[in-house]
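# Survey of secondary and tertiary structure
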Amino acid sequence: MRIIVHKHKCQGHARCSAQAPDIFKLDDEGYILPGDIEVAEGKHLLASRGTRSCPERALELDATPAARAESDVIQPRGRRV
Amino acid sequence: MAINWVPDHIPPEMVRDFSLFKSPGMLPAPNGDPHAAVACVHAGPPIFYSPYNTRDGRGTWVITRASDQRRVLQDAETFSSHRSIFASALGENWPMIPLELDPPAHGVFRSLLNPLLSPKRAMVLEPAIRERAVTLIDRIAAAGTSCDVMKEFAFPFTVNIFLRFLGLPDHRLDTFVGWAKDLIHGDHLKRPAAAQTIVAFIDELATKRRKDPVDDFMTFILQAQVEGRQLSDVEVRGIGVLVFVAGLDTVAAAIGFDLAYLARNLKDQELLRSEPDRIALAVEELLRAYPTVQMIRVATKDIDFEGVPIRKGDYVSCATMIANRDPAEFECPNTIDLARENNRHAAFGYGPHRCLGSHLARREIVIGLEEWLARIPAFRIKKGTAPITSGGHVFGIKNLILHWS
Ligand code: SF4
C-alpha cells in the first residue's frame, strides 16, 4: 500500500502523524516530509486513518488497481459510542 | 457606518438575512447554543451574501460548505487576509504577522515561527502545562464542590501557559485577560482603547528586551533574521500583537464549551473518565462541534466562484462553526460523536494561515480535560445557574458554574 504525498498542500496540521507517527514523519516545522510513503503490511489501517484525517487533502491513498483492491478490504468503520 | 448596504453586483436573490452577530441565537444568552444555531444555514444555498456580518456592520459573502471554504482559504492569492484588522481599529495600517501577510512574505515569517509552536515543541511544554492544570484543579477540589470553570480554571490555565510562552509575568494575568476581553468583546470605545494599550505594551516590551535580552519569545523575535536582515520595529510589533491577542481567549472558550457539553452529557463524561485514552480523539470532535473563530478574506480580483459573482474588494467569510456542521462533509453533523473518525474539521482553518498555535492549543485542551476528569467526580451545571454563550466574530462562553458531590 502506498500513500501519495502532495507536499505543496500540507499546512502542518499534523493530524496524520497524530494517528501514526511512525508512518507520517514531520520536519522541524511540523510539516510532512516530501516523498510518497510505502506502508508496511499490518499498518494499513493506521495509514488509511492518518490519510483520512488530513484537513487539506494533502494525502491520498494510491488508487492504482492493485492498491485499491487492497485498501477496500481494510476500509475502517467508524466506531460509535 | 454602512449597514445593510448591498453592492450593485450582488443579485438580490443571493442576499440572506443572516449574521453571526445578530441572527437568532447569536446574542449573549443563558443556556445558548450558538453553534447549533448557525448550523441552520445549511438548509439554504451553499453561498449567499450577508449584508451585516462584521463587527462594524459590513457585508460578506458567507461560504457554508467545508469544501468551498477549503478552496478559499487555500488560495491566498485570490483571497487575501491583509486587512489590518487590529491596526485599523487605531486608524493605522500595519499587518499582524504572519496572519495578515500574503504569500510569499507570509512563508518567510511562518517558517521563522513554526518551530516555536511545532508538535514537537508542544510535547516539550507538556509537563509544565500538566503541572499548571493539576495545581489549579487540586485547589478547586480542595475548596469545595462547585466553581466557576471560566474564572477559576479555563482562563488562569490557558493564559498562564501562554504568558509563560511569551515570557510575561504571571501576576499581571488579570490585566492581560481584561485587555483581551475588551478587545474581542468590548464596544466601540473599549476596543480601540484596548488596542492602544496592547500596542504600547508590546512596543515597550520590545524596547526592554532589546536592552536586556532574556530567554523568551520577544528576545527571539528581536534577534531573529529574515532574508538576511533583522526585523523592523513594525514587524516586531505585528508579531507580538498577533501572538498576544490570538492566545488569550480562544483556548479558554474551547475548554468552557467542552466542559459544558460534558456537564450536560453524563454518559459521555463517564466514558471519558473511565477510558481517558479516548480523550484525544474526543477533543477533535469537540473542536469540530464548538470552534470559535470566523475567518474573513478580501477578494483581490473578480472571480466567479461556484456560480457566485465575487468582485475585487468583497469580503468573504469562512466561519469554522459553519463548515464544521456541513452535512456534505460530516455524517450527522449535529450529532456529537466522541469516537468520530475521519474528522477533518476546520477548527484551525485551512491553507497557509492554519492556526500557528493549533498544536499547543490541542495539548492544552486534552491535558485540561484529562486532569479535570481525573480529579473532579461526576459534575453538572449548578442548579439555578446558566452559562451565558454568545456568537459574533469569536464565539464565547462567559461563565460556567459546575457542581459535584
Ligand atoms: S495532516 Fe495533512 S496537512 Fe497535516 S501534516 Fe499531515 S499531511 Fe500535512
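In this report, we go over the structure that sits alongside the text. (Residues numbered from 1 in each chain as written. Chains lettered and ligands numbered in written order. Predicted model: local features only at pLDDT ≥ 70, side-chain atom pairs only at ≥ 80, totals over all residues. Heavy atoms only, no water.)

## Some details on the overall build of chain B
The helix and strand inventory of chain B stands at 15 helices and 15 strands. For 405 residues, the compact-globule estimate of 2.2 N^0.38 gives 22 Å, and chain B sits close to it at 21 Å. Along the first, second and third principal axes, the C-alpha atoms of chain B reach 60 × 55 × 40 Å. Split into buried and exposed, the 405 residues of chain B put 58% on the buried side. Counting only contacts in chain B whose residues sit at least 6 apart along the sequence, the fraction spanning at least 24 positions is 69%. Within the structure as shown, chain B displays about 16600 Å² of accessible surface, and the carbon and sulfur contribution to it stands at 54%. Taking the average location of the 46 positive side-chain charges in chain B and that of its 48 negative ones, the two points are 3 Å from each other. (Helix = DSSP H or I, 4+ residues; strand = E, 2+ residues; numbered from the N terminus. Rg over C-alpha atoms; globule rule 2.2 N^0.38 Å. Buried < 20%, exposed > 50% of the residue type's maximum accessible area, 1.4 Å probe, protein only. Contact = heavy atoms within 4.5 Å. Areas by Shrake-Rupley, 256 points an atom, 1.4 Å probe, with all protein chains shown as cover. Lys, Arg positive; Asp, Glu negative; His and termini not counted. Charge placed at Lys NZ, Arg CZ, Asp CG, Glu CD.)

## Concerning the packing of helix 13 (residues 279-289) of chain B against helix 15 (residues 358-375) of chain B
All names here are of chain B. Between helix 13 and helix 15, the least distance of the axes is 10 Å, while the angle of their chain directions is 120 degrees. Viewed along their axes, helix 13 and helix 15 adopt a mutual orientation that is oblique. The interaxial crossing formed by helix 13 with helix 15 has right-handed handedness. Facing helix 13, whose interface residues are Ile279, Ala280, Val283, Glu284, Leu286 and Leu287, helix 15 presents Arg362, Ile365, Val366, Leu369, Glu370 and Leu373. Tallied by class, the residues present in the contact of helix 13 with helix 15 amount to nine nonpolar, no polar and three charged. (Axes fitted to C-alpha atoms, helices over the stretch in contact; angles between N-to-C directions. Parallel < 35°, antiparallel > 145°, perpendicular 65-115°, else oblique. Left-handed = near helix turned anticlockwise from the far one by under 90°. Nonpolar A, V, L, I, M, F, W, Y, C, P; charged D, E, K, R; others polar.)

## Re the sheet that holds strand 5 (residues 146-148) of chain B
Neighbouring strands of a sheet are bound in pairs by backbone hydrogen bonds; such pairs are parallel or else antiparallel. Residues and elements named next belong to chain B. Pairing is antiparallel across the open sheet formed by three strands, whose spatial order is 5-15-12. Edge positions in the sheet fall to strand 5 and strand 12 (379-381), since each has one partner strand and no second. The mean inter-strand angle of the sheet, taken between neighbouring strand axes irrespective of direction, is 30 degrees. Sheet topology places strand 12 next to strand 15 (residues 401-404); three bridges connect them, and they run antiparallel. For arginine 380, the partnering residue across the bridge sits in strand 15 and is histidine 403. Sheet strands in contact with helix 6 (residues 149-166) are strand 5 and strand 15, and its direction is about 65 degrees off that of strand 5. Contacting strand 12 and strand 15, helix 11 (residues 250-264) runs over the sheet at an angle of about 100 degrees to strand 12. (Pairing = 2+ DSSP bridges.)

## Some details on the nonpolar core
All names here are of chain B. Core analysis: the largest hydrophobic core is formed by 99 residues, its most contacted members being Phe86, Phe153, Phe244, Leu259, Trp372 and Phe379. Looking at this core, the element that brings in the most residues is helix 6, giving 12 residues. If sequence neighbours within four positions are ignored, leucine 259 has contacts with Val149, Phe153, Leu369, Trp372, Phe379 and Leu400. Listed in part, the 21 residues of the second largest apolar core include Met14, Ala66, Leu73 and Ala346. (Core = buried A, V, L, I, M, F, W, Y, C linked by side-chain atoms within 4.5 Å.)

## A closer look at the side chain of B:Ser118
As for its position among the elements, B:Ser118 is in the loop between helix 4 (105-113) and helix 5 (119-143). Setting aside residues up to four positions removed in sequence, B:Ser118 forms contacts with A:Asp28, A:Glu29, A:Gly30 and B:His359.

## Details of the sheet that holds strand 1 (residues 2-5) of chain A
Sheet architecture is open: three strands sit in the order 2-1-3 (chain A), paired in antiparallel fashion. Pairing within the sheet leaves two strands with one partner each, and these edge strands are strand 2 (37-38) and strand 3 (59-61) of chain A.

## A short note on helix 5 of chain B
Residue and element names in this part refer to chain B. An ideal rise of 1.5 Å per residue puts 36 Å on 25 residues; helix 5 measures up with 35 Å between its terminal C-alpha atoms. A maximum bend of about 45 degrees is found in helix 5 at leucine 125, where proline proline 127 lies one to four positions downstream. All buried positions along helix 5 are accounted for by Ala122, Glu126, Ile129, Arg132, Ala133, Val134, Leu136, Ile137 and Ile140. Turning to helix 5, the residues buried within the fold contact strand 5, helix 6, helix 15 and strand 15. (Expected span 1.5 Å × (residues − 1). Bend = angle between axes of the 7 residues up to and from the residue.)

## Section: the interface of chain A and chain B
Taken together, the contacts link 23 residues of chain A with 30 residues of chain B. Taken over both partners, the interface formed by chain A and chain B buries close to 2400 Å², and the fraction arising from carbon and sulfur atoms is 41%. Counting the contacts that link chain A with chain B gives four salt bridges. Its salt-bridge partner being A:Arg57, residue B:Glu329 comes within 2.8 Å of it at the nearest N-O pair. Taken together, the links from chain A to chain B amount to 13 residue pairs in polar contact (both at pLDDT 80 or more). Mapped onto the side of chain A that touches chain B, the elements with two or more residues apiece are helix 1 (15-19) and helix 2 (44-52) of chain A. Among the elements that take part in the side of chain A that touches chain B, helix 2 of chain A stands out by supplying three residues, more than any other. Class assignment of the residues belonging to the side of chain A that touches chain B gives a composition of six nonpolar, eight polar and nine charged. (Buried area = accessible area lost by both parts, 1.4 Å probe. Salt bridge = Lys/Arg side-chain N within 4 Å of Asp/Glu carboxyl O. Polar contact = N/O pair within 3.5 Å; in protein donor to acceptor, adjacent residues only side chain to side chain.)

## Things to note about the packing of helix 6 of chain B against helix 7 (residues 173-185) of chain B
Residue and element names in this part refer to chain B. Put simply, helix 6 and helix 7 touch, their axes get as near as 10 Å, and they point 100 degrees apart. As the angle between them shows, helix 6 and helix 7 are arranged roughly perpendicular. Listed contacts from helix 7 to Phe155, Pro156, Val159, Asn160 and Leu163 of helix 6 are Leu173, Phe176, Val177 and Lys181. Across the contact of helix 6 with helix 7, the residue classes break down as seven nonpolar, one polar and one charged.

## A short note on the site of the ligand
Taken together, the residues surrounding the ligand are A:Cys10, A:Gln11, A:Gly12, A:His13, A:Ala14, A:Arg15, A:Cys16, A:Leu26, A:Cys54, A:Glu56 and A:Leu59. Residue classes in the shell around the ligand are distributed as six nonpolar, three polar and two charged. (Near = heavy atom within 4 Å.)

## A word on helix 4 of chain B
Residue and element names in this part refer to chain B. The complete set of buried residues in helix 4 reads His106, Phe109, Arg110, Leu112 and Leu113. Angular distribution of buried residues about the axis of helix 4 spans 155 degrees; they occupy a single face of the element. On its buried face, helix 4 is in contact with helix 9 (217-223), strand 6 (225-226) and helix 10 (233-247). (Arc of directions from axis to C-beta.)

## Things to note about the pairing of strand 15 of chain B
Residue and element names in this part refer to chain B. Residues Leu402 and Trp404 line the buried face of strand 15, whereas the alternating positions Ile401 and His403 sit on a face that is not buried. Where strand 5 meets strand 15, three bridges bridge the pair, whose relative direction is antiparallel. Residue pairing for strand 15: cysteine 147 is matched across the bridge by leucine 402.

## Things to note about the environment of B:Phe330
All names here are of chain B. Note that phenylalanine 330 resides in the loop between helix 14 (320-323) and helix 15. As for phenylalanine 330 and asparagine 343, which are separated by 13 residues in sequence, their C-alpha atoms are 7.7 Å apart. Excluding residues within four positions of it along the chain, phenylalanine 330 makes contact with Arg288, Ala323, Asn324, Arg340, Asn343, Arg344 and His345.

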